[in-house]
Amino acid sequence: MPHLEVSDVRARYGSLEVLSGVSFTVDRGEVVALVGPSGSGKSTVLRLLVGLLPPSGGTVRVAGEPVDYRRAAMVRAVRDRMAIVFQQYNLFQNMDVLKNVTLAPVRIKGRDRREVEDLARRLLDRVGLGDKLHAYPDELSGGQQQRVAIARALAMQPEILLLDEVTSALDPELVNEVLEVIRDLAREGMTMILVSHEMAFVREIADRVVMMDKGSVVEEGPPAEILDNPRTARARDFFGKILRH
Amino acid sequence: MDRIIAQLPRFFSERNLILLLESAGLTLAMTALGCLIGFFLALVLVYLRKTPGLWALPLRLVCVAYVEVFRRIPFLVIVYLVLFFIQTVIRDASLFTVAVIAICLYATAYTAEIIRAGLESVPQQQIDAATAMNLGRFRTTLWVVLPQSMPVIVPPSVAFAVGFIKDTALVSQVGVFELTFRGKELNNQGFSAVLVFGTIAFVYFLMSWPLSLYGQYLETRLAAPRSQRRPRKIRQS
Amino acid sequence: MNYTFQFGVVWRDFPYLLDGALLTFQIGLLAFWGGALIGLVLAAFKTFGPRPVRWLVDAYVVFLTNTPALIQIYFLYYGLAEFRIRWSGEFCLLLGLTLNAGAYLTMIMRAGFLSVRRTEMEAGEVMGMSRLQQVRYVVAPHIAKTIYPALANFFIVILVMGTSVGAIIGVNELTGQAITRASFNYRWLEYFTVVAGMYVVLTFIASIGLALFGRWAFRVKARVF
Ligand SMILES: Nc1ncnc2c1ncn2[C@@H]1O[C@H](COP(=O)(O)OP(=O)(O)OP(=O)(O)O)[C@@H](O)[C@H]1O
Ligand SMILES: [Mg+2]
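Note that the coordinates shown come from a computational prediction; the quantities given were computed from them, not determined experimentally.

Attention now moves to the site of ligand 1. All names here are of chain A. Near ligand 1, the surroundings consist of 13 residues, among which S38, G39, K42, S43 and T44 are the closest. In this structure, S43 approaches ligand 1 through a side-chain N or O atom, which is 2.6 Å from an oxygen atom. At 3.0 Å, a side-chain N or O of Q87 approaches an oxygen atom of ligand 1. Relative to its unbound accessible area of 640 Å², ligand 1 is 60% covered by the protein chains. At three residues, the largest contribution of residues to the shell around ligand 1 is made by helix α1 (residues 42-49). For the shell around ligand 1, the residue count by class is three nonpolar, eight polar and two charged.

Quick look at the structure:
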């Protein structure tokens, strides 16, 4: 049974259909990379999974159970199992780093404050920000904020981690640091969906690659296959452009 | 003119000065109290107004109607309505209570618009992040949206309250012993209207002007980004 | 609460209230236009005048916006009487409101003046306009468009908060009319409820009119709500 199963999911912003039947599965402990051109709906898929955008059709199953996104209790339960790192980090501007990371685990999940703070310190150390516990987001660079956002998501201790282009704002040195963290998580068996334009990294870390275009899945398969021998013309075109530089 | 000069020593007697000072205090007190309670009621009103879902439509309409109606009725009419309405409910309600309730009803409607604009100034991404962490609407508002919108909400709210110090002069009409009422009293005792109302105007000015300057200062100060506002603490660990 | 509302008498007096509403509207409109004229002149003085003139304008604005309109009107009504200048309540109300509005409108117009950017004038120059033409075709429309929402908003404030002050010195505008009529039969709550409703209707009509006019004249979206 897959950990997460998305079948024929549709979504719209007003009258604009941005997802027109998206299907893919993620097994427990698997890392799936969502790739595709800008505006193809990758972020929308992640937003939909955590209940920020109600699906207009199709089903999402978590551990085999269908999720009814109209039911608040069910949405809360799903959010309890997933954590998302947004493309624009979305750190709470009115809280320092430590508060950003510990807020939800302590106040929402009701875990012990001491324990959570210890965990937060370890996580922030791991992303190289152990000395920034009391800095505010507007005092941090984009890359630093991105790493805090990752620590914040990990502090929720999710089963499934959703990462939206977490390396796009980082300089090359930091990219490696962040990728190292993700690599560790993959080794530890965290189920992950990862949106990325870093094809080298995708090739290295992803178990499977799902390519999207214009709101639906074009092609999917193991990275070696899909990156080097795409079957569809659309995928050949996309990877041809992206891998050339 | 001669009459005014002749009256000067008697007018600025210790008794009259204390009277004016006390009534100025009352003016400030009822403005502050009414606007403060109004501010919190406005927060509740705006929160209710943003309740999602079809079932809450009547609730939203009531909130919109409250704001629209009370911003379009003269304060004097509200004062009279409160006065006569309260008398049918509580026989011996004090006039001070009447004044505070009237100010509060009015301030709620005006501050609600300020607060709504403030809350809407917070980027949607902040709300999304909180929602994805299961914060819920109430906690998201309380912990994330409200703190971030305070710099936008506070200066105009203060400006409203300061501006309202003057408008409370109208409650003298129902006999609250505030500044304007005392002025009328002194005028009736035979003191020159120029002298009395000139002095009263000056006292209002002394309350209103410094506070409005403070409001302008708040605005420029809060407009600065946090890192420049907060004295920078350099921490080593 | 064991109060029974009896609106019968109020409906019988409705023509009086309508008269009051008309007076409210007239005074509001006159005071607004008078104030706008004062505001325009003073804002120009403040922007282009020599320093002492600018100080005088500042003093006028600061003093009138930091004291109650009611006290200003008392000053005209009771104060000037001591110098044998006796004006009717209506006139004192109108004059007081006009002077008061003049101060607020000076601030609004001044903000409009400050919003004119040099580049727009220069663009006019490039097109070969004379100074006067620049003001007529470039600057004035720009200012009008910028400050229109604030002006429309202020008109509603005068119409409601401003004119009702007259009731206290016995002017029979809408609020005054209610007080006068209610003191005959003590149906205060009924009168003020109806009058409150009339203010809401009156200002809605004004808001809609202003929004339509703004859209037509300056293509600005003024809020009705
Ligand atoms: N809030 C919104 N309102 C309306 N349309 C939106 C909104 N957010 C996204 N869209 C549209 O939905 C489509 C998919 O957007 P999405 O953000 O999912 O793309 P993406 O694949 O993540 O792109 P990128 O690689 O640039 O992040 C786009 O056409 C976008 O214009
Ligand atoms: Mg995206």
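Another point: the pairing of strand β2 (residues 16-26) of chain A. All names here are of chain A. In terms of strand pairing, strand β1 (residues 4-13) meets β2 through eight bridges, oriented antiparallel. Counted as the bridge partner of R10 is S20 from β2. Connecting the antiparallel pair β1 and β2 is a turn made up of two residues, with G14 showing a positive phi of about 65°.

We now examine the coordination of the magnesium ion (ligand 2). Tetrahedral metal sites with four donors have an ideal angle of 109.5 degrees; octahedral sites with six donors have ideal angles of 90 or 180 degrees. Only S43(A) (OG) and Q87(A) (OE1) from the protein coordinate the magnesium ion (ligand 2), and they sit 1.9 to 2.4 Å from it. In this pair, S43(A) is assigned in helix α1 and Q87(A) in the loop between β6 (82-85) and α3 (97-108), connecting sequence segments 44 residues apart.

Before going further, it helps to spend a moment on the packing of aromatic side chains. The final tally for this structure, using the stated rule, is 34 aromatic pairs over all chains. Ring geometry for F11(B) versus F191(B): centroids 5.2 Å apart, planes at 70°, classification edge-to-face. Taken as a pair, F11(B) in helix α1 (residues 2-11) and F191(B) in the loop between α8 (179-188) and α9 (193-223) lie far apart in primary sequence, 180 residues in all. Accessibility expressed as a relative area gives 5% for F191(B), which makes it buried. Cluster of aromatic residues (ring-pair linked, three or more members): F75(B), Y106(B), Y110(B), F160(B) and F164(B). One Lys or Arg, R152(A), reaches over the ring of F92(A) and ends 4.7 Å from the middle of that ring. We note R72(B) situated over the ring of F204(C); from NZ or CZ to the ring centre the distance is 4.1 Å.

Below, the discussion takes up the side chain of T141(B). Within the element layout of this structure, T141(B) appears in helix α7 (residues 136-167). Classification of T141(B) by relative accessible area gives buried; the value is 17%.

Residue and element names in this part refer to chain B. For the pair helix α5 (residues 95-120) and α7, interaxial distance at closest approach is 9 Å and the crossing angle is 145°. As for the relative orientation of α5 and α7, their crossing is right-handed in sense. Contacts from I103, Y106, A107, Y110, T111, I114, I115, G118 and L119 of α5 reach α7 at V145, L146, S149, V152, I153, P156, S157, F160 and F164. Within the contact of α5 with α7, the residues separate by chemical class into 14 nonpolar, four polar and no charged.

Right, let's get into helix α7 (residues 131-164) of chain C. Given a rise of 1.5 Å per residue, 34 residues ought to cover 50 Å, yet the end C-alpha atoms of α7(C) are separated by just 43 Å, more than 12% below that figure. At Y148(C), α7(C) shows its maximal bend, which comes to roughly 50°, and the proline P149(C) appears one to four places after that position.

As a further point, take α1(B). Residues and elements named next belong to chain B. When we look at burial in α1, the residues that qualify are I4, Q7 and F11. All buried residues of α1 fall inside an arc of 70° around its axis, so they share one side. Along α1, exposed side chains directed more than 90 degrees from the buried face belong to D2, I5, A6 and P9. Close packing links the buried residues of α1 with α2 (14-49), α8 and α9.

This brings us to the pattern of salt bridges. Pairing between side chains of opposite charge can happen when their charged atoms approach one another. Residue and element names in this part refer to chain A. According to the stated counting rule, one finds 27 salt bridges over all chains in the structure shown. Between E159 and R81 there is a salt bridge whose closest N-O contact spans 3.1 Å. Of this pair, E159 sits in the loop between α5 (142-155) and β7 (160-164) while R81 sits in helix α2 (residues 72-81), and the two are 78 residues apart along the sequence. Its relative accessible area of 30% is what places E159 among the partly exposed residues. For R81, a relative accessible area of 28% corresponds to the partly exposed category. One salt bridge in this structure joins R234 and D213, with 2.6 Å as the shortest N-O distance.

Let us now look at the confidence of the model for chain B. Residue and element names in this part refer to chain B. Scored by pLDDT, chain B comes out at a mean of 88, with 94% of its residues at no less than 70. For chain B, helix α10 (residues 226-229) is the element with the lowest average pLDDT, namely 55, and helix α6 (residues 124-132) is the one with the highest, namely 95. Across residues 230-237, confidence stays below pLDDT 50; counting only partners more than four residues off in sequence or on other chains, it has seven contacts. Scored by ipTM, the complex comes to 0.91, with pTM at 0.89.

What follows is about the side chain of T163(C). As for its placement among the helices and strands, T163(C) is situated in helix α7. In this structure T163(C) touches T24(C), I27(C), G28(C), L93(C), L97(C), I158(C) and E173(C), once residues within four positions along its chain are discounted.

In this section: the interface of chain B and chain C. Each side of the interface is counted separately: chain B has 42 residues, and chain C has 39 residues. At the boundary of chain B with chain C, total buried surface from both sides reaches about 3600 Å², with 74% on carbon and sulfur atoms. For chain B, the biggest contributors to the area lost against chain C are R72(B), K166(B) and F197(B); these three give 19% of the whole. The interface formed by chain B and chain C contains zero salt bridges. Remark: the boundary between chain B and chain C carries eight residue pairs in polar contact (both at pLDDT 80 or more). Those elements giving two or more residues to the side of chain B that touches chain C turn out to be α1, α3 (57-70), α4 (75-89), α5, α7, α8 and α9 of chain B.

Residue and element names in this part refer to chain A. Pairing is mixed across the open sheet formed by six strands, whose spatial order is β6-β7-β8-β3-β9-β10. Single-partner strands in this sheet number two, and they are β6 and β10 (216-221). Here the average twist between neighbouring strands, direction ignored, is 15°. Pairing between β7 and strand β8 (residues 191-195): five bridges, direction parallel. Within β8, the residue paired with I160 across the bridge is T191. Strand contacts of α2: β6 and β7, with the helix running at about 70° to β6, the strand carrying the most contacts.

Attention shifts here to the arrangement of the chains. There are two pairs of chains in contact here, and the one with the most contacts is chains B and C. Spatially, chain A and chain C are disjoint, and the shortest separation between their C-alpha atoms is 24 Å.

Basis of the calculations
- Residues numbered from 1 in each chain as written.
- Chains lettered and ligands numbered in written order.
- Predicted model: local features only at pLDDT ≥ 70, side-chain atom pairs only at ≥ 80, totals over all residues.
- Heavy atoms only, no water.
- Near = heavy atom within 4 Å.
- Polar contact = N/O pair within 3.5 Å; in protein donor to acceptor, adjacent residues only side chain to side chain.
- Areas by Shrake-Rupley, 256 points an atom, 1.4 Å probe, with all protein chains shown as cover.
- Helix = DSSP H or I, 4+ residues; strand = E, 2+ residues; numbered from the N terminus.
- Nonpolar A, V, L, I, M, F, W, Y, C, P; charged D, E, K, R; others polar.
- Pairing = 2+ DSSP bridges.
- Donors = N, O, S within 2.8 Å, 3.2 Å for Na, K, Ca; no water.
- Phe/Tyr/Trp six-rings, centres within 6.5 Å; stacked < 30°, edge-to-face > 60°.
- Buried < 20%, exposed > 50% of the residue type's maximum accessible area, 1.4 Å probe, protein only.
- Lys NZ or Arg CZ within 6 Å of the ring centre and 35° of its normal.
- Axes fitted to C-alpha atoms, helices over the stretch in contact; angles between N-to-C directions.
- Left-handed = near helix turned anticlockwise from the far one by under 90°.
- Contact = heavy atoms within 4.5 Å.
- Expected span 1.5 Å × (residues − 1).
- Bend = angle between axes of the 7 residues up to and from the residue.
- Arc of directions from axis to C-beta.
- Salt bridge = Lys/Arg side-chain N within 4 Å of Asp/Glu carboxyl O.
- pLDDT = per-residue confidence, 0-100.
- Buried area = accessible area lost by both parts, 1.4 Å probe.

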